Amino acid sequence: MSKLWEKDYSIDSLIEEYTVGKDYQIDKDLVVADCLSSIAQAKMLRKIGILAPPEEEELRKELSLMIQEARRNEFPIRKEDEDCHTAIENRLVQRLGETGKKIHTGRSRNDQVLTALRIHGRELLLEIFRSSLRLAETLLDQAERYRKVPMPGRTHTQLAMPSTVGLWLAAFGEEILDNLELLQRGYELWNRCPLGSAASYGTSLPLDREYTAELLAFPQVQNNVLATNNSRGKLEAAILDQLDQMGLTLSKLSTDLILFSLPELGYFSLPKELCTGSSIMPQKRNPDGLELTRAKAALLGSYSNAVKSIIRSLPSGYNRDFQETKEPFLKGLTLCLEMVQVMDHLIQSLQVHEEALRKGFTPEIFATDAVYELVQKGVPFRDAYREVGLHLDDLKQRNPDVAIAQRTSTGTPGNLRLDVPRHRIEALRSFVQEEEDRISTAWDKLLHFHFEAGVGEENR
């Protein structure tokens, strides 16, 4: 079958191998998105008089069949196709003849790729939102369960002040929500329709970009057609940077869990089913899931750097360099989702050992409390600090429960105010649900059938 750019010569085989790269493999995930985009393109071409109604209907039916095949993993993309876009158009030409040759009218493979990536990336981002909200809720639920269990607070890894397991868990829950609120803005910038920007400069046809945006559930078009193509890689990198924030949170949580589950501390443990063993030491239960989360967080951060390095010195307009941004972007989305889901599973299974936690409350951890007792008697803080600091050996053991109960300011161990992050969860969950409903409605209208269990079923 022909290539989309084919002319009156054949490309050198070595260059062909080099330029195709992995697209024919990576693009298996983009087939559905590209078919949806092509259906919208066909409807728009009908609207402006390029396609006759029977032609648009034939294209819609054939593209709908390809969607069903792709969801069953039965749509082939061969190396000689280069990518899914060629494979799809070749199928249309094979099945529909002259009508199939009209589908690419008014678009370039540049805005075609951008649109497929936006649609597919949007779905993955919403899945990341859903899974991350479940993780945040798991952390808050566990924080509620262990809200009064004392836990030594640490700075510089040394004993610092009285705290609780609830405070520690809730801290990560709120960090997850911070990350998602950052990602929400990235999602909004991503969720603009690039279709119709063509190869950076639009076309002389009266394309109705607002119409295709509506059909594809984009709230708006990405306005300037050159800015649209120049944003390729930049928006991917911005989203990967925001996912990197999630990776940083999960990495810190992993390190805490590894340290606090050391036998010398024994604050926490994971069920043996969630730990791997050693090939030589039969007693070992290794927290490999946590260790790999730290490593994968570093890998996640590298994907953004890779994309930014590729695009850093490019001139305006499309450049083939952009092809190399696709893989790290899609890998980053998939990796972040996997990390969040694994961490949720681990936190749900976390075992808390209260006795070991209480043993960590040696007299020195109450030093600051002793300072503030003097302050409340009228001693200036710096004098009280010096007095306690010079007589640390005189500190007495105290009841950690009393120390925690005295911390009543908002967000402190004795007053976690878990209602605050729970309200944030509900707001973000509403945002995700509204997006999913809006997109689902658009697909039903565009395709005239529902997706059930990954297979399209006619619903006329």
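Residues numbered from 1 in each chain as written. Predicted model: local features only at pLDDT ≥ 70, side-chain atom pairs only at ≥ 80, totals over all residues. Heavy atoms only, no water.

**Considerations on the overall build of the chain**
Note the following rule: Only DSSP runs of H or I covering at least 4 residues are called helices, and only runs of E covering at least 2 are called strands; the numbering of each starts at the N terminus. Burial status follows relative accessibility: with a 1.4 Å probe on protein chains alone, a residue under 20% of its type maximum counts as buried, one over 50% as exposed, and anything between as partly exposed. Residue contacts are defined here by distance: any two heavy atoms, one from each residue, within 4.5 Å place the two residues in contact. Values of accessible area rely on a 1.4 Å probe in the Shrake-Rupley scheme; residue burial ignores everything except the protein chains shown. Charge convention: Lys and Arg are scored as positive, Asp and Glu as negative, and His as well as the terminal groups of each chain are ignored. Note that the charge is assigned to NZ on lysines, CZ on arginines, CG on aspartates and CD on glutamates.
A tally of regular secondary structure across the chain gives 17 helices and six strands. Every one of the 460 residues in the chain was classed for burial, and the buried ones make up 49%. Long-range contacts, defined as pairs at least 24 residues apart, comprise 80% of the intrachain contacts of the chain with a sequence gap of at least 6. Just so you have it, the chain exposes about 22,300 Å², and 51% of that area is on carbon and sulfur atoms. Once the 58 positive and 69 negative side-chain charges of the chain are each reduced to a mean point, those two points are 1 Å apart.

**Brief notes about the nonpolar core**
Generally speaking, nonpolar side chains in soluble globular proteins are found buried as a group. For clarity, the threshold we go by: For the purposes of this section, nonpolar cores are sets of buried Ala, Val, Leu, Ile, Met, Phe, Trp, Tyr and Cys residues that join through side-chain atoms within 4.5 Å.
Among the nonpolar cores identified, the biggest contains 110 residues, and Trp 168 and Phe 268 are the most heavily contacted of them. If you tally residues by element for this core, the top one is helix α6 (residues 109-145), at 15 residues. With sequence-adjacent residues up to four places away left out, Phe 268 is seen in contact with Met 151, Val 165, Trp 168, Leu 257, Phe 260, Ser 261, Leu 350, Gln 351, Val 352 and His 353.

**Comments concerning the confidence of the model for the chain**
Condition: pLDDT is a residue-level measure of predictor confidence that goes from 0 to 100.
Predicted confidence across the chain gives a mean pLDDT of 92, with 93% of residues reaching 70 or more. The least confident element of the chain is strand β6 (residues 455-458), whose mean pLDDT is 37; the most confident is helix α7 (residues 165-190), at 98. Between residues 449-460, whose pLDDT stays under 50, and residues either more than four places distant or in other chains, the model counts 25 contacts.

**Side note on the environment of Tyr 146**
Inclusion rule: Whenever two N or O atoms come within 3.5 Å, that pair is a polar contact, provided that in protein one can donate a hydrogen and the other can accept it, and provided that, for residues adjacent in sequence, both atoms are side-chain atoms.
By the element assignment, Tyr 146 lies in the loop between α6 and β1 (150-155). Take Tyr 146: its relative accessible area is 12%, and that puts it in the buried class. Between the alpha carbons of Tyr 146 and Leu 169 there is a distance of 8.8 Å; along the sequence they are 23 residues apart. Beyond its immediate sequence surroundings of up to four residues, Tyr 146 is in contact with Val 165, Gly 166, Leu 169, Leu 350 and Val 352. Side chain to side chain, Tyr 146 and Arg 145 meet in a polar contact 3.3 Å long.

**Examining the packing of aromatic side chains**
Cut-off, in case you're wondering: By convention, a stacked pair of Phe, Tyr or Trp rings (six-membered ring in the case of Trp) has centres within 6.5 Å and planes under 30 degrees apart, an edge-to-face pair has planes over 60 apart, and any other such pair is tilted. Distance and angle both matter: a charge sits over a ring if NZ of Lys or CZ of Arg is within 6 Å of the ring centre and within 35 degrees of the ring normal.
Counted under the stated rule, the structure contains 14 aromatic pairs. Summarising the aromatic geometry, the rings of Phe 260 and Phe 268 are spaced 6.2 Å apart at their centres and angled 65 degrees between planes, so their arrangement reads as edge-to-face. Accessibility assignment for this pair places Phe 260 and Phe 268 in one class, buried. It is Arg 122 that lies over the ring of Phe 218; its NZ or CZ is 4.5 Å from the centre.

**Describing the packing of helix α3 (residues 31-47) against helix α4 (residues 53-71)**
Stated formally: Axis definition: a line fit to C-alpha positions, over the contact stretch in the case of helices; interaxial angles, taken between N-to-C directions, run 0 to 180 degrees. Between 65 and 115 degrees an angle is taken as roughly perpendicular, under 35 as roughly parallel, over 145 as roughly antiparallel, and anywhere else as oblique. Under the scheme applied, nonpolar residues are Ala, Val, Leu, Ile, Met, Phe, Trp, Tyr, Cys and Pro; charged residues are Asp, Glu, Lys and Arg; polar residues are all the others, including Gly.
α4 packs onto α3 with a crossing angle of 170 degrees between their chain directions and a minimal axis gap of 9 Å. Taken together, the axes of α3 and α4 lie roughly antiparallel to each other. From α3, Val 31, Val 32, Cys 35, Leu 36, Ser 38, Ile 39, Ala 42, Lys 43 and Arg 46 reach across to α4, where they touch Pro 53, Glu 56, Leu 59, Arg 60, Leu 63, Ser 64, Met 66, Ile 67, Ala 70 and Arg 71. Here the contact of α3 with α4 is built from residues that sort into 12 nonpolar, two polar and five charged.

**Notes on the pairing of β1**
Put simply, the rule is: DSSP-based pairing: two strands are paired if at least 2 bridges between them are found.
In the sheet, β1 pairs with strand β2 (residues 158-164) via five bridges, with the strands oriented antiparallel. For Pro 152, the partnering residue across the bridge sits in β2 and is Pro 162. Taken together, β1 and the strand that follows it, β2, pair antiparallel across an intervening segment of two residues, in which His 156 is found at a positive phi of about 55 degrees.

**A few points about the pattern of salt bridges**
Put simply, the test is: Take a side-chain nitrogen of Lys or Arg and a carboxyl oxygen of Asp or Glu: if they are within 4 Å of each other, that pair is a salt bridge.
In total, this model carries 30 salt bridges according to the counting rule given. Lys 331 is the partner of Glu 327 in a salt bridge, and the nearest nitrogen-oxygen pair spans 3.2 Å. Taken together, the residues span about one helical turn, with Glu 327 and Lys 331 both in helix α12 (residues 326-348) at a distance of four residues. Residue classification places Glu 327 among the partly exposed positions, given a relative accessible area of 21%. Owing to a relative accessible area of 41%, Lys 331 belongs among the partly exposed residues under this scheme. Among the ionic pairs, Arg 407 bridges to Asp 369, the shortest N-O distance being 2.7 Å. Of this pair, Arg 407 sits in the loop between α16 (400-405) and α17 (419-447) while Asp 369 sits in helix α14 (residues 367-376), and the two are 38 residues apart along the sequence. Owing to a relative accessible area of 9%, Asp 369 belongs among the buried residues under this scheme. Connected via shared salt-bridge partners are Glu 62, Glu 69, Arg 91 and Arg 95.

**Thoughts on the environment of Gly 247**
Inspection of the secondary structure puts Gly 247 in helix α10 (residues 234-260). For the pair Gly 247 and Cys 336, spaced 89 residues apart in sequence, the C-alpha separation works out to 7.1 Å.

**Describing the packing of α6 against α17**
Condition: Definitions for this section: a left-handed crossing has its near helix turned counterclockwise from the far helix by less than a right angle. A right-handed crossing has that turn clockwise.
The contact between α6 and α17 brings their axes to 10 Å, and the two run at 155 degrees. With respect to each other, α6 and α17 are oriented roughly antiparallel. The way α6 lies across α17 gives a crossing that is left-handed. Here the contact of α6 with α17 is built from residues that sort into 13 nonpolar, no polar and 11 charged.

**Quick word on the side chain of Gln 222**
Within the element layout of this structure, Gln 222 appears in the loop between α8 (209-215) and α9 (225-230). Gln 222 sits in the buried class, given a relative accessible area of 4%. Here Ser 231 takes part through its side chain, which lies 3.1 Å from a polar atom of the side chain of Gln 222. Once residues within four sequence positions are removed from consideration, Gln 222 is found in contact with Arg 118, Arg 192, Cys 193, Arg 209, Ala 227, Thr 228, Ser 231 and Leu 235.

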